Amino acid sequence: DVKVTQSSRYLVKRTGEKVFLECVQDMDHENMFWYRQDPGLGLRLIYFSYDVKMKEKGDIPEGYSVSREKKERFSLILESASTNQTSMYLCASSLLAEGVGELFFGEGSRLTVL
Amino acid sequence: AQSVAQPEDQVNVAEGNPLTVKCTYSVSGNPYLFWYVQYPNRGLQFLLKYITGDNLVKGSYGFEAEFNKSQTSFHLKKPSALVSDSALYFCAVRDVRAAGNKLTFGGGTRVLVKP
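Computed from a predicted model, the values in this text were never measured in an experiment.

**Topic: the overall build of chain B**
Reasoning step 1: Along chain B, the regular secondary structure elements total zero helices and twelve strands.
Reasoning step 2: Listing every helix and strand of chain B by position from the N terminus yields β-β-β-β-β-β-β-β-β-β-β-β.
Reasoning step 3: The C-alpha radius of gyration computed for chain B amounts to 14 Å, which stays within 12% of the reference 13 Å derived for 115 residues, consistent with globular compactness.
Reasoning step 4: Oriented by its inertia axes, the alpha-carbon framework of chain B measures out at about 45 × 30 × 20 Å.
Reasoning step 5: Within the structure as shown, chain B displays about 5,300 Å² of accessible surface, and the carbon and sulfur contribution to it stands at 49%.
Reasoning step 6: Here chain B contributes 12 positively and 8 negatively charged side chains, and the mean placements of these two sets differ by 6 Å.

**With respect to the packing of aromatic side chains**
Reasoning step 1: All told, the structure shown has 16 aromatic pairs over all chains when counted by the stated rule.
Reasoning step 2: Pairing Tyr35 of chain A with Phe105 of chain B gives two aromatic rings, centres 5.3 Å apart and planes at 85°, and the pair type is edge-to-face. Highlighted residues: Tyr35 of chain A in strand 4 (residues 31-38) and Phe105 of chain B in strand 11 (residues 104-105), drawn from two different chains. The exposure classification of Tyr35 of chain A matches that of Phe105 of chain B, with both residues buried.
Reasoning step 3: Residues Tyr50 of chain B and Phe74 of chain B carry aromatic rings whose centres are separated by 6.5 Å and whose planes lie at 55° to one another, so their mutual orientation is tilted. Of the two residues, Tyr50 of chain B is situated in strand 6 (residues 44-50) and Phe74 of chain B in strand 9 (residues 73-78); the sequence distance between them amounts to 24 residues. Residues Tyr50 of chain B and Phe74 of chain B agree in their burial class; the two are buried.
Reasoning step 4: One aromatic cluster is present, built from ring pairs that chain together Phe33, Tyr35, Phe48, Tyr50 and Phe105 of chain A together with Phe34, Tyr36, Phe46, Phe90 and Phe105 of chain B.

**Focus on the environment of Gly43 of chain B**
Residue and element names in this part refer to chain B.
Reasoning step 1: If you trace the backbone, Gly43 turns up in the loop between strand 5 (31-38) and strand 6.
Reasoning step 2: Owing to a relative accessible area of 4%, Gly43 belongs among the buried residues under this scheme.
Reasoning step 3: Residues Gly43 and Val21, spaced 22 residues apart in sequence, show a C-alpha to C-alpha distance of 19 Å.

**Digging into the state of the cysteines**
Reasoning step 1: According to the stated counting rule, one finds two disulfides over all chains in the structure shown.
Reasoning step 2: One disulfide in the model links Cys23 of chain A with Cys91 of chain A; its S-S distance is 1.9 Å. Here Cys23 of chain A and Cys91 of chain A share a disulfide; its torsion about the S-S bond, -75°, makes the bridge left-handed. Pair noted here: Cys23 of chain A is in strand 3 (residues 19-25) and Cys91 of chain A is in strand 9 (residues 87-94), with a separation of 68 residues, a long-range link. Just as Cys23 of chain A is buried, Cys91 of chain A falls in that class too.
Reasoning step 3: Disulfide pairing is shown between Cys23 of chain B and Cys91 of chain B; the S-S distance is 2.0 Å. Between Cys23 of chain B and Cys91 of chain B the sulfur-sulfur dihedral comes to about -65°; the bridge is accordingly left-handed. Of this pair, Cys23 of chain B sits in the loop between strand 3 (19-21) and strand 4 (24-26) while Cys91 of chain B sits in strand 10 (residues 87-95); the two residues are 68 residues apart in sequence, bridging distant segments of the chain. Accessibility classification places Cys23 of chain B together with Cys91 of chain B in one group, the buried group.

Cut-offs used in this document
Every chain's residues receive numbers from 1 upward, in the order its sequence appears when written. In the order they appear in the text, chains get letters beginning with A and ligands get numbers beginning with 1. Note on the predicted model: pLDDT of at least 70 is required for a residue's local features to be given, and 80 or more for side-chain atom pairs to be given and counted; whole-chain, interface and lining totals, by contrast, use all residues. Values reported for side chains reflect all heavy atoms of the structure, with hydrogen atoms and water molecules removed beforehand. By definition, any uninterrupted DSSP run of H or I lasting at least four residues is a helix, any uninterrupted run of E lasting at least two residues is a strand, and each is numbered from the N terminus. Based on C-alpha atoms, the radius of gyration is set beside the globule rule, defined as 2.2 Å times the residue count to the power 0.38. All accessibility values rest on the Shrake-Rupley procedure with a 1.4 Å probe; residue burial counts only the protein chains present in the view. His residues and chain termini do not enter the charge count, which takes Lys and Arg as positive and Asp and Glu as negative. Lys charges are placed at NZ, Arg charges at CZ, Asp charges at CG and Glu charges at CD. Two rings belonging to Phe, Tyr or Trp (six-membered ring only in the last case) form a pair when the distance between their centres is within 6.5 Å. Interplanar angles under 30 degrees mark stacking, angles over 60 mark edge-to-face geometry, and anything in between is tilted. Burial classification: accessible surface area is computed with a 1.4 Å probe over protein chains only, and a residue below 20% of its type maximum counts as buried, one above 50% as exposed, and the rest as partly exposed. In plain terms, two cysteine sulfur atoms within 2.5 Å form what is called a disulfide here.

Below you can see the structure in the form of structure tokens.
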């Protein structure tokens, strides 16, 4: 079965802390994505990556960075967490191929910044 | 730019009745369209997609969606709703000319199916 695993389901951090959210997929997918989900706003794309060491900004990259050192792992980094980054964070992956493959999502990481 | 609108925050329906969740989209070119479902405290699960061909697309769990190019809509339907269909539903679009697989999601519609 296809699997996207997010290392932490729930995190509580303090303002100014550095936060790492880890995501691993076992499907050998080229594409990986980080979204944040907020009520009424749906999912908004933070960053995505087409390949190892490649990254592209999404719609709301401010305050975030990413790292993709290995194909299966895509990390989201909050350099200095702020309360407006309290949210549900969803990682997803998909094939790069010319055809359109659906996204496979992890279970989500709910981050609270105090 | 691409965008998606889901005009209803919540849809209430009695079990056994038809269910419709509305979605309209905007893209510069032709669209790829998707529906996803999210159960409480879970990630999103793929339901169905429209790429090309037949305007009526059938997906998982008895759901289907109809692509209407003139109305730029892709409404999700189920002939007979179940209590277990209660969840959050997201419509998503991608412009066929866009690089990679970058989807834009709507705000979501909560479906409540009452026994």
